[in-house]
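Observations on chain architecture
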Amino acid sequence: MRGGLLVAGTTSDAGKSVVTAGICRWLVRRGVKVAPFKGQNMSLNSFVTREGAEIGRAQAMQAQAARVEPTALMNPVLLKPGSDRSSQVVLMGRPVGELSARGYHGGRQKELFEPVLACLEELRGTYDAVICEGAGSPAEINLRRTDIVNMGIARAARLPVLVVGDIDRGGVFAQFFGTTALLAPEDQELIAGYLVNKFRGDVTLLEPGLDMLHGLTGRRTFGVLPYAHGLGIDEEDGLRVSMRGAVRESVVAPPVGEDVLRVAVCAVPLMSNFTDVDALAAEPGVVVRFVDRAEELVDADLVIVPGTRGTVRALAWLRERGLADALARRAAEGRPVLGICGGFQALGERIEDEVESKAGTVDGLGLLPVRVRFAAGKTLARPVGEALGERVEGYEIHHGVAEVLGGAPFLDGCRVGAVWGTHWHGSLESDGFRRAFLREVAAGASRRFVPAPDTSFGALREEQLDRLGDLIEEHADTDALLRLIETGPPAGLPFIPPGAP
């Protein structure tokens, strides 16, 4: 078997990432050697591969669904927004510059098309099937000429396209029809059909609409996936954190001890790798919420200042909202605070930044004896270490270089009293360390909280990926989907006017 598929969406957040992961897990369970691919990703939620390359976390999650090691080939272009108008461009896992949206779409994007296509072809030569994920909508007609992630890559590689629509938002029939009708004839030839996502209710009530859609477009619907709670695994951006969503939306085991632990995460601007708190929210009795007001820290047992693509901007935001003063009071009272990556930098004494914000020397919050200098090069690493008597694995993605001037060692950072700081993302996914850390937090917060002795974050993640595979296997026409992947776009698909302007 040598095949492929592009999973596009009528909108952002239609479910492309989870559908791609679900198809990967379904295929690998059938014995198919499969890999995910996304030519261009825009996200502040990223991951470091074992080769030291930075890619979107969604593609790392899809690789796990496919039971393969993630590589830079699976996400050759990653855009990391630094403002509303500019992004850092990461090519094959390494930053190559900062560009405005106009500069990127005005020329640089076209230059990246050949490297992106080469990565896809290398994967297709190695794997039985490659399941590609699009970005946004394929009908963004203002960007079609420079498209390297939707119909541009589909046309170059002759990939069949499955369009996913989120029916929970309403208007899904109009979205399917309009998406198809706004494409050029050559692109429409590749639109094989549709997949309805997040359906609630009796599917027989939907079937007349699906029949009419087939009559209007000549394209079939390959499945209707039911609404499933807690499946937002490693989304590109937003605050629907996967394990937090699962805890919030489904039945959860009661706390082992007498008390719960309340965790408040400061929703700083340009927040990155918010999935760091997933593992906390997976623990019975731990309640995680995102906050942006000082009064919301008062009853928190632990406050986390997370990673950010704009440390200096986050510092200003913390001060403007009174959160900086609230954090200082917590530190003085010996109440737990954890800073991760950019949050760790913000907790330090001083930041010298001529790279990210170009603000020069800026005072930090002064809660940790750390001075940070931003370097032009980016640290990308997969460290392994020990803390609180437990083995810890993590990953690092940062320009800031920290000089630790005191305190007790804590991973690559330090601890002073109940304030911890580290550059390591993902450390809380190490089960033994997470339990030890939560015991420290509970003691510092005077809570009778006891971590569950058997929570395995890795096992929970595998269960979620299997649920995604089950959704495809149980609610999609898998025989038709397999034929589509193997044989490519169906012949004779009709043109739907008006086409691209």
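Residues numbered from 1 in each chain as written. Predicted model: local features only at pLDDT ≥ 70, side-chain atom pairs only at ≥ 80, totals over all residues. Heavy atoms only, no water.

Right, let's get into helix H4 (residues 113-126). Look at H4: 20 Å from first C-alpha to last across 14 residues, which is about the 20 Å you get at 1.5 Å a residue. Among the residues making up H4, those that are buried are Phe113, Val116, Leu117, Cys119, Leu120 and Leu123. All buried residues of H4 fall inside an arc of 155° around its axis, so they share one side. Of the residues in H4, the exposed ones pointing more than 90 degrees away from the buried face are Glu114 and Gly125. (Helix = DSSP H or I, 4+ residues; strand = E, 2+ residues; numbered from the N terminus. Expected span 1.5 Å × (residues − 1). Buried < 20%, exposed > 50% of the residue type's maximum accessible area, 1.4 Å probe, protein only. Arc of directions from axis to C-beta.)

A word on the packing of aromatic side chains. Geometry of an aromatic ring pair is reported as the spacing of the ring centres plus the angle between the planes. Applying the stated criterion across every chain, the model contains five aromatic pairs. For the ring pair tryptophan 420 and phenylalanine 437, a centre distance of 5.0 Å and an interplane angle of 70° mean the geometry is edge-to-face. Of the two residues, tryptophan 420 is situated in strand S27 (residues 419-422) and phenylalanine 437 in helix H14 (residues 431-444); the sequence distance between them amounts to 17 residues. On the basis of relative accessibility, which here comes to 1%, the residue tryptophan 420 falls in the buried class. Seen from their ring centres, phenylalanine 433 and phenylalanine 437 are 6.1 Å apart, and the 25° between their planes marks the pair as stacked. Separated by four residues within a single helix, phenylalanine 433 and phenylalanine 437 lie in helix H14, roughly one turn from each other. By relative accessible area, phenylalanine 437 is classed as buried at 1%. Every member of this aromatic cluster is reached through a ring pair, and the members are Phe410, Trp420, Phe433 and Phe437. The ring of tyrosine 127 carries lysine 33 above its face, with NZ or CZ at 5.3 Å from the centroid. (Phe/Tyr/Trp six-rings, centres within 6.5 Å; stacked < 30°, edge-to-face > 60°. Lys NZ or Arg CZ within 6 Å of the ring centre and 35° of its normal.)

Strand order in the open sheet formed by seven strands is S15-S13-S16-S18-S27-S26-S25, and the pairing between neighbours is mixed. At either margin of the open sheet sits one strand with a lone partner, and together these are strand S15 (286-291) and strand S25 (408-410). With strand direction ignored, the average angle separating the axes of adjacent strands in the sheet is 20°. For strand S26 (residues 413-416) and S27, the ladder comprises three bridges, and the chain directions are antiparallel. Within S27, the residue paired with arginine 415 across the bridge is tryptophan 420. Contacting strand S16 (302-305), strand S18 (337-340) and S27, helix H12 (residues 323-333) crosses the sheet at an angle of about 130° to S16. (Pairing = 2+ DSSP bridges. Axes fitted to C-alpha atoms, helices over the stretch in contact; angles between N-to-C directions. Contact = heavy atoms within 4.5 Å.)

Relative to strand S23 (residues 390-393), strand S22 (residues 384-387) runs antiparallel, the two sharing four bridges. Residue glutamate 386 lies in a different strand from S23, and its bridge partner there is arginine 391. Between S22 and the antiparallel strand that follows it, S23, lie two residues; leucine 388 among them carries a positive phi value of about 55°.

Let us now look at empty space enclosed by the protein. Scanning all chains against the criterion turns up one cavity of 30 Å³ or more. One number sums up the size of the largest cavity: a volume of about 190 Å³. Forming the boundary of the largest cavity are 18 residues, of which Thr308, Arg309, Glu356, Ile397 and His398 lie nearest the centre. Among the elements of the structure, helix H13 (342-346), strand S21 (370-381) and strand S24 (396-404) are those that each provide at least two residues to the lining of the largest cavity. Along the lines of polarity and charge, the residues of the lining of the largest cavity split into three nonpolar, 11 polar and four charged. (1 Å grid on protein atoms, 1.4 Å probe; cavity = no way out; pocket = protein on both sides within 12 Å on 5 of 7 lines; lining within 4 Å. Points joined across faces, edges and corners; volume = space filled by probe spheres on them. Nonpolar A, V, L, I, M, F, W, Y, C, P; charged D, E, K, R; others polar.)

We now examine the nonpolar core. Counting 76 residues, the largest nonpolar core has Ile23 and Leu27 as the members making the most contacts within it. For this core, the element with the most residues is helix H1 (residues 16-29), which contributes eight residues. Val268, Val291, Ile340 and Leu347 belong to the second largest nonpolar core, which has 64 residues in total. (Core = buried A, V, L, I, M, F, W, Y, C linked by side-chain atoms within 4.5 Å.)

Turning our attention to the sheet that holds strand S11 (residues 191-199). Reading across the sheet, the six strands line up as S2-S9-S1-S10-S11-S12 and stay open at both edges, with parallel pairing between neighbours. Each edge of the open sheet is held by one strand with a lone partner, namely strand S2 (34-37) and strand S12 (220-226). On average, each strand axis in the sheet is inclined to that of its neighbour by 20°, with strand direction left out of account. One ladder, built from four bridges, connects strand S1 (residues 3-9) with strand S10 (residues 161-166); its direction is parallel.

At a minimum axis separation of 7 Å, H1 and helix H15 (residues 457-475) run at an interaxial angle of 85°. Looking at the two axes, H1 sits roughly perpendicular to H15. Residues Val18, Val19, Ala21, Gly22, Ile23, Arg25, Trp26 and Arg29 of H1 form the contact with H15, whose own contacting residues are Glu462, Leu465, Asp466, Leu468, Gly469, Asp470, Ile472 and Glu473. Of the residues belonging to the contact of H1 with H15, the class tally is eight nonpolar, two polar and six charged. (Parallel < 35°, antiparallel > 145°, perpendicular 65-115°, else oblique.)

We now examine the side chain of glutamate 283. Structurally, glutamate 283 can be placed in the loop between helix H10 (278-281) and S15. With residues up to four places along the chain from it excluded, the contact list for glutamate 283 reads Arg434, Arg435, Leu438, Ala452 and Thr455.

By volume, the second largest pocket amounts to about 580 Å³. Taken together, 21 residues make up the lining of the second largest pocket; nearest its centre are Phe47, Gln64, Arg382, Glu393 and Glu429. Those elements that provide at least two residues to the lining of the second largest pocket are helix H2 (57-65) and H15. Per-element tally for the lining of the second largest pocket: the top contributor is H2, with four residues. Here the residues of the lining of the second largest pocket are counted per class, giving seven nonpolar, six polar and eight charged.

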